[in-house]
Amino acid sequence: MTSFSKILSKTDIKKRLTVPIKFLKSLPSFDGGHAVKFEARDEGGEAWAFQCSVRRRGHPKPVLTRGWKAFINSKKLKTGDKVSFIKCKNRATAKTSYRVRAEKEIKIFGAIIGYVPL
């Protein structure tokens, strides 16, 4: 199981989600292109279609573009909230799937005390 979690920044909310380079290995093959589409299911079982793109030259800088804004708008995510992507492999069938988890930041008197799954 491969995963990454990220506390969302202003850019993540307004434009695109920057993805760690190490997570690229867990995505479907780019087949020589600069973008790959994949589907991830949330905690409620809803499927979300995402596209991960990399730069054509130089440092790859992977980002989620298509599907990302629809996801954050649906979950009402804001700066400071948390998102996790998890790659899962079914042991019986060897089929790969992805999960996405959104968590809202919990603050008391301005101090972050944790996160609650949506």
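Below is a summary of the structure that appears in this document. Everything numeric in this text was worked out from a predicted model, so none of it was measured.

## So, the side chain of E103
(1) Moving on: Residue placement: E103 occurs in strand β7 (residues 96-108).
(2) Moving on: With near-sequence residues (within four places) excluded, E103 lies in contact with L77, D81, K82, S84, Y115, V116 and P117.

## Here we look at the pattern of salt bridges
As a working rule, side chains carrying opposite charge can pair if their charged atoms are close by.
(1) Moving on: Here the structure, examined in full by the defined rule, presents seven salt bridges.
(2) Moving on: Put simply, R101 and E43 hold a salt bridge, and the shortest N to O gap is 3.8 Å. One end of the pair, R101, is in strand β7; the other, E43, is in the loop between β3 (35-41) and β4 (47-53), and 58 residues separate them in sequence.
(3) Moving on: Under the relative-accessibility criterion, R101 is labelled partly exposed at 27%.

## Some remarks on empty space enclosed by the protein
(1) Moving on: By the definition in use, this model includes one cavity of 30 Å³ or more.
(2) Moving on: Approximately 30 Å³ is the volume attributed to the largest cavity.
(3) Moving on: Lining the largest cavity are F4, V19, F23, L27, F38, C52, L64 and F85.

## Observations regarding unusual backbone geometry
(1) Moving on: Although it is not a glycine, A94 adopts a positive phi angle of roughly 65°.
(2) Moving on: Structurally, the position occupied by A94 is in the loop between β6 (82-89) and β7.
(3) Moving on: With relative accessibility at 46%, the residue A94 sits in the partly exposed group.
(4) Moving on: One non-glycine residue, F109, lies in the positive phi region at around 55°.
(5) Moving on: Relative to the assigned elements, F109 resides in the loop between β7 and β8 (111-117).

## Points about the packing of aromatic side chains
Geometrically, a pair of aromatic rings is defined through the distance of the ring centres and the angle of the planes.
(1) Moving on: Applying the stated criterion to the full structure yields nine aromatic pairs.
(2) Moving on: Relative to F71, the ring of W48 has its centre 5.1 Å away and its plane inclined at 85°; by these criteria the two rings are edge-to-face. Taken as a pair, W48 in strand β4 and F71 in helix α2 (residues 68-75) lie far apart in primary sequence, 23 residues in all.
(3) Moving on: Residue W48 is classed as buried on the basis of its relative accessible area, which comes to 9%.
(4) Moving on: Assessed through its relative accessible area of 0%, F71 is described here as buried.
(5) Moving on: Members of the aromatic cluster, connected to one another through ring pairs, are F4, F23, F38, W48, F50, W68, F71, F85 and Y98.
(6) Moving on: Here the basic side chain of K82 rests over the ring of Y115, its NZ or CZ set 5.4 Å away from the ring centre.

Criteria and cut-off values
- Residues numbered from 1 in each chain as written.
- Predicted model: local features only at pLDDT ≥ 70, side-chain atom pairs only at ≥ 80, totals over all residues.
- Heavy atoms only, no water.
- Helix = DSSP H or I, 4+ residues; strand = E, 2+ residues; numbered from the N terminus.
- Contact = heavy atoms within 4.5 Å.
- Salt bridge = Lys/Arg side-chain N within 4 Å of Asp/Glu carboxyl O.
- Buried < 20%, exposed > 50% of the residue type's maximum accessible area, 1.4 Å probe, protein only.
- 1 Å grid on protein atoms, 1.4 Å probe; cavity = no way out; pocket = protein on both sides within 12 Å on 5 of 7 lines; lining within 4 Å.
- Points joined across faces, edges and corners; volume = space filled by probe spheres on them.
- Phe/Tyr/Trp six-rings, centres within 6.5 Å; stacked < 30°, edge-to-face > 60°.
- Lys NZ or Arg CZ within 6 Å of the ring centre and 35° of its normal.

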